[in-house]
Amino acid sequence: MNFLNNFQRILRQNIREYGMYIALFVIMAIFTYTTDGIFISPRNISNLLNQTGYIAVLAVGMTLVIVIRHIDLSVGFLAGFLGAVTAIALVQWGLPVYIVIPMVLVLGAIAGLGTAFLVAQLGIPAFVASLAGMLVYRGVLLLSTMGTGTIIIPNEAFNAIGNGYIPDFPDIGILPGKHKLTLLLGLIAIILFVLSEINDRRKKQAYNFEVLPMDIFALKLVFVSLLVGGITWVLSGYNGISWTVVIMLVIVAIYHFITTQTVLGRHIYAIGGNPEAAELSGINVKKLTYVVFGSMGMLAALSGILFTSRLQSATTTAGTLFELDAIAAAYIGGVSAAGGVGKVLGSIIGALVMTSLTSGMNLMGIDSSLQYIVRGAVLVAAVVFDVTTRSRGK
Amino acid sequence: MNTPILEMKNIVKEFPGVKALNNVSFQVAEGEIHCLVGENGAGKSTLMKVLSGVYPHGSYSGEILFAGQEQTFSGIHDSEIAGIAIIYQELALVPEMTVYENIFLGHELRNGPLVDWNETIKQAGEMLRKVKLNVNPAAKVKELGVGKQQLVEIAKALSKNVKLLILDEPTAALNEDDSENLLNLLRELRDNGVTCILISHKLKEVLAIADSITVLRDGQTICTLDAKGGKVSEQVLIKHMVGREIDNIYPARKNTRADQTVLEVKNWSAYDPKLGRYVLKDVSFNIKKGEIVGFAGLMGSGRTELALSIFGNSVGYQLSGEFYINGQKQDFGHPQNAIQAKMAYVTEDRKAKGLILIQDIKQNITLANLREIANNGVVDGNAEVKIANEYKSSLNIKTPSVEQKVGNLSGGNQQKVSLAKWLFAKPDILILDEPTRGIDVGAKFEIYTIMTRLVEQGMSIIMISSELPEVLGMSDRIYIVSSGKITGELPIEEATQEKIMHLATN
Ligand SMILES: Nc1ncnc2c1ncn2[C@@H]1O[C@H](COP(=O)(O)OP(=O)(O)OP(=O)(O)O)[C@@H](O)[C@H]1O
Ligand SMILES: [Mg+2]
């Protein structure tokens, strides 16, 4: 059986990469079984994705920070604080949404550059610099909500970011009860994916490079298409794709592209692999440290906006432990603490694993004390898997 | 031959895509110095790692007999108990620890559950006397030069009651005095009954010290030669190693030197704030188009510091003096500026400063010039593979694929990747810092040939080297550096080993 042999070989070679997807699949299957299918219901999946949003964007930024051998502990409360700023600007200053959002994103980037200044310019270890940031942002969050306590946001446009869904075509009788734009977008995504894969394969063949055997290649296309199709089908049965998911997809697409295709991305990974060699190769390590922390700060702001919008209010405890969830997501997704290794897509899967665990266990009515223990165990298991498959691959 | 203390039979060791050892058999007699030679990637280090248990029993096939018994080491600890000690190509000391802590690291002398520091210091002193190293055992290892660190490694091996001592390219980073020292020590150890296996690319030293020589090529044993009393000549050895004759490893040089000065440095001084002293003082020199200029000197004389200080000063020295490229005054703030001015610097320390070991060959080769294969900041992955493959064949990098991680290559092949990376940056001025360290004769010849070709195309090369024959064989002109100063300049016609050594040590 040539096909089976090929399949086994390719699976074994890429076990590290596919491992996470398999793990996510297994976790989802288990919860679907234990909750009699409630877990996989359109409503729950839609909720689950919306909950993942604010951790996922942090995990994307955190991936790059860890890749360049740093860490940022300040992002949780930075997100919380900037969420409060958003609320204050909207409610107390009466600024319009389209001004507030860019302003908060810029503030986030500035905060990130501040951390980068301590790290790159003054040589303070990122752990310490961002720990200080965490304390400070927590303080200013409390300070800014001291007078008012929870700030409720009555702005519909803003709250749609965390709770709204993309619009649909008017009902014309076909596919009743389904969200048609969602289905259309899913279809477009599948077509684009298939075309770009075929195009890529042609180019590689033109250079005489090795490509996947035809049958495996076809299998891969079918599998991914089914996956995307399945998810959009499920989502279209509820309200369709939410704005949070749209934002998450855009961020992932941008960062995935930057890290895998661009000079900037390659330079970032080079710094993580060997900072001295990178510097001598003409890469400005300091500058890129600013870029990475700046982007982290901006994503923290985005996370704060998503969370605040989802709750339709800013609270005094917003952002608590976000940074640790993001770091855990990155590690589950295969980022290496030694630097230079890690993928944005992996971290997103890591974030999905974390929220699936929470969501599934909530549905099962498991006490939160036990939930923490399970999440800790999964984190360790994921990293053990990563480390062992990595050393075997050598 | 005496009774063999070690017999390795039919050893086969495979890595994904590479058969590093293909049925190697290897015998070492008791009480001899046995040299192991062969091209880069021939499998020397791998064979020694099999022997010492780094690759445990079961991960290779074949048989190991040591001291008359079949051995199945499952880790380096087992081989140490059997009396085998290995000193790796890269030193494995902890720089922040003291000499005595390092010597007994991993087999601490105990008094009950506690470390017996007094006994440790006393015994460390004895070991240091045995290797004739006169340093305070309480000094930190990082304060010692490489030569002394090497001796500490040997002291460490001796403290484990070693019967068979393996040294993988111990002299690659040593100057001639330190090397000579080390070789004498090995002779003495042999006379005291310690058997030694020595891997080296310095054939002169191999011929001077070996009782027997085994040649490996492409993972196979080619032959074992009896080398006592100068029975083997260098020519013969080279022929066994590379499979063809190389009469003169320095290719014929045409005079390619033009009158145009491409690089001029005037009154250049560098103060190192970390060390709190000047590492370069009032250095002036110039480089003409199409010439190879050798920078000779002892290790630590300031040549690497000189290169780094003009190549964008990434170390952060406080500089004074002037520096011109093609007559234009330059003030580089970052290596990036130097690369833009068409300079390139191939470091002497490829692992720490040159390569990204966790990335693959193609990514390393393109790193310093990624924009060349990028459109609007997007890297063309296919073009990258193509370029990497071109360098793989033109520099003869031995690897199944350019997608192999650089950390998995043999030392010499890593050096070639490091060179390829900077050739791809297409410089006009190429600084080579110890370009052939750890490289086999065949590859040396290739690198010299490439250098010759490059200057014929109008490139200028600064070659920093501690190997005098290489400096004399390749340079058009030689500067001698000593304690951060240029102590002499010799045109090649007037240069001799004696003159250079004299200037380098004054
Ligand atoms: N961990 C590894 N993974 C894959 N290939 C490896 C690994 N270690 C060594 N090799 C390959 O095995 C071959 C033998 O390597 P080895 O390090 O033994 O060479 P060597 O004779 O010591 O060379 P050098 O003189 O350059 O040090 C090389 O082709 C090398 O690329
Ligand atoms: Mg080696």
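Residues numbered from 1 in each chain as written. Chains lettered and ligands numbered in written order. Predicted model: local features only at pLDDT ≥ 70, side-chain atom pairs only at ≥ 80, totals over all residues. Heavy atoms only, no water.

Description of the overall build of chain B
Logical step 1: The helix and strand tally for chain B stands at 17 helices and 24 strands.
Logical step 2: Whereas a compact globule of 506 residues would reach a radius of gyration of roughly 23 Å, chain B reaches 24 Å, a difference of no more than 12%.
Logical step 3: Dimensions along the principal axes, computed over C-alpha positions, put chain B at roughly 70 × 50 × 50 Å.
Logical step 4: Here chain B holds 506 residues, and the buried ones make up 55% of them.
Logical step 5: In chain B, of all internal contacts separated by at least 6 residues, the share reaching a separation of at least 24 is 67%.
Logical step 6: Entry remark: accessible area of chain B is about 21000 Å², with carbon and sulfur atoms responsible for 46%. (Helix = DSSP H or I, 4+ residues; strand = E, 2+ residues; numbered from the N terminus. Rg over C-alpha atoms; globule rule 2.2 N^0.38 Å. Buried < 20%, exposed > 50% of the residue type's maximum accessible area, 1.4 Å probe, protein only. Contact = heavy atoms within 4.5 Å. Areas by Shrake-Rupley, 256 points an atom, 1.4 Å probe, with all protein chains shown as cover.)

Some points on the environment of A20 of chain B
Residue and element names in this part refer to chain B.
Logical step 1: Assignment of secondary structure puts A20 in strand β2 (residues 18-29).
Logical step 2: C-alpha of A20 to C-alpha of G41: the two residues are 21 residues apart in sequence and 7.7 Å apart in space.
Logical step 3: Ignoring anything within four residues of it in the chain, the contact list for A20 reads K13, E14, F15, A42, G43, T46 and G219.

Points about the site of ligand 1
Residues and elements named next belong to chain B.
Logical step 1: Close contacts around ligand 1 come from 19 residues, with G41, K44, S45, T46 and H201 the closest.
Logical step 2: At 2.7 Å from an oxygen atom of ligand 1 is found a side-chain nitrogen or oxygen belonging to S45.
Logical step 3: N408 places a polar main-chain atom, nitrogen or oxygen, 3.2 Å from an oxygen atom of ligand 1.
Logical step 4: Coverage of ligand 1 by the protein chains reaches 91% of its 640 Å² of free accessible surface.
Logical step 5: Listing elements by their share of the shell around ligand 1, those giving two or more residues are β2, α1 (44-51) and α14 (411-424).
Logical step 6: Looking at the shell around ligand 1 element by element, the count peaks at three residues for α1.
Logical step 7: Classifying every residue of the shell around ligand 1 by side-chain character gives five nonpolar, 11 polar and three charged. (Near = heavy atom within 4 Å. Polar contact = N/O pair within 3.5 Å; in protein donor to acceptor, adjacent residues only side chain to side chain. Nonpolar A, V, L, I, M, F, W, Y, C, P; charged D, E, K, R; others polar.)

Structural notes on the sheet that holds strand β17 (residues 328-329) of chain B
Residue and element names in this part refer to chain B.
Logical step 1: Reading across the sheet, the four strands line up as β14-β13-β16-β17 and stay open at both edges, with antiparallel pairing between neighbours. Strand pairing shows two members of the sheet lacking a second neighbour, β14 (277-288) and β17, which therefore form its edges.
Logical step 2: Summarising the sheet, strand β13 (residues 261-272) and strand β16 (residues 318-325) pair through seven bridges and their orientation is antiparallel. Its bridge partner lying in β16, E264 is registered against Y324.
Logical step 3: Taken strand by strand, helix α9 (residues 303-310) contacts β13, β14 and β16, and its axis lies near 70 degrees from that of β14. (Pairing = 2+ DSSP bridges. Axes fitted to C-alpha atoms, helices over the stretch in contact; angles between N-to-C directions.)

Re the packing of aromatic side chains
Logical step 1: Applying the stated criterion across every chain, the model contains 17 aromatic pairs over all chains.
Logical step 2: Both rings, one in Y250 of chain B and one in Y448 of chain B, keep their centres 5.1 Å apart while their planes meet at 35 degrees; by these two values the pair is tilted. Residue Y250 of chain B is found in the loop between α8 (234-242) and β13, and its partner Y448 of chain B is found in helix α15 (residues 441-456); the two are separated by 198 residues along the sequence. When sorted by exposure, Y250 of chain B lands in the same class as Y448 of chain B, which is buried.
Logical step 3: Feature note: the residues Y54, F307 and F322 of chain A constitute an aromatic cluster, connected by ring pairs.
Logical step 4: If you follow R201 of chain A out to its NZ or CZ, it ends over the ring of F217 of chain A, 4.6 Å from the centre.
Logical step 5: Taking the ring centre of Y55 of chain B as reference, the NZ or CZ of K13 of chain B above it sits at 4.4 Å. (Phe/Tyr/Trp six-rings, centres within 6.5 Å; stacked < 30°, edge-to-face > 60°. Lys NZ or Arg CZ within 6 Å of the ring centre and 35° of its normal.)

So, the environment of K142 of chain B
Residues and elements named next belong to chain B.
Logical step 1: With respect to the element layout, K142 can be found in the loop between α4 (117-130) and α5 (146-158).
Logical step 2: Taking the C-alpha atoms as reference points, K142 and E96, separated by 46 residues in sequence, lie 6.3 Å from one another.
Logical step 3: Among residues more than four places away in sequence, those in contact with K142 are P95, E96 and Q149.
Logical step 4: Only 3.3 Å separates the side chain of K142 from the side chain of E96, close enough to count as a polar contact.

Let's talk about the interface of chain B and chain A
Logical step 1: Taken together, the 34 residues of chain B in the interface contact 27 residues of chain A.
Logical step 2: Carbon and sulfur atoms supply 59% of the area buried between chain B and chain A, which totals about 2500 Å² over both sides.
Logical step 3: The largest per-residue losses of area from chain B upon contact with chain A belong to H334, K353 and N382 of chain B, which jointly make up 22% of the total buried on that side.
Logical step 4: Residue R266 of chain A is joined to E384 of chain B by a salt bridge in which the shortest nitrogen-to-oxygen separation is 2.4 Å.
Logical step 5: Linking chain B with chain A are 10 residue pairs in polar contact (both at pLDDT 80 or more).
Logical step 6: For the side of chain B that touches chain A, the secondary structure elements donating two or more residues are α10 (335-340), α11 (350-354), α12 (361-366), β20 (378-379), α13 (381-394) and α14 of chain B.
Logical step 7: At five residues, α13 of chain B tops the list of elements feeding residues into the side of chain B that touches chain A.
Logical step 8: Residues belonging to the side of chain B that touches chain A are distributed by class as follows: 18 nonpolar, nine polar and seven charged. (Buried area = accessible area lost by both parts, 1.4 Å probe. Salt bridge = Lys/Arg side-chain N within 4 Å of Asp/Glu carboxyl O.)

Digging into the nonpolar core
Logical step 1: Among the nonpolar cores identified, the biggest contains 131 residues, and L165 and F285 of chain B are the most heavily contacted of them.
Logical step 2: Sort the elements by how many residues they give to this core and α15 of chain B lands first, with eight residues.
Logical step 3: A84, A89, V97 and A111 of chain A belong to the second-largest nonpolar core, a separate cluster that totals 76 residues. (Core = buried A, V, L, I, M, F, W, Y, C linked by side-chain atoms within 4.5 Å.)

Re the side chain of R266 of chain A
Logical step 1: You can see R266 of chain A is positioned in helix α11 (residues 263-273).
Logical step 2: Its relative accessible area of 12% is what places R266 of chain A among the buried residues.
Logical step 3: Apart from the residues within four sequence positions on either side, R266 of chain A is in contact with Q363, T366, L370, V379 and E384 of chain B.

So, the side chain of K13 of chain B
All names here are of chain B.
Logical step 1: Locating K13 in the fold gives a position in strand β1 (residues 4-15).
Logical step 2: Look at K13: it is buried, it has no salt bridge, and the nearest opposite charge is E14 at 9.4 Å.
Logical step 3: With sequence-adjacent residues up to four places away left out, K13 is seen in contact with V18, K19, A20, L21, T46, V50, Y55, S59 and Y60. (Lys, Arg positive; Asp, Glu negative; His and termini not counted.)

Things to note about the pattern of salt bridges
Residue and element names in this part refer to chain B.
Logical step 1: With the rule as written, the count across this model stands at 28 salt bridges over all chains.
Logical step 2: Taking the shortest distance from any N to any O, the salt bridge between R253 and D476 comes out at 3.1 Å. On the criterion of sequence distance, the pair formed by R253 in the loop between α8 and β13 and D476 in the loop between α16 (468-474) and β23 (477-482) is long-range, its members being 223 residues apart.
Logical step 3: For E434, the salt bridge is made with R437, and the minimal N-O distance between the two is 4.0 Å. R437 matches E434 in its accessibility class, with the two residues each being buried.

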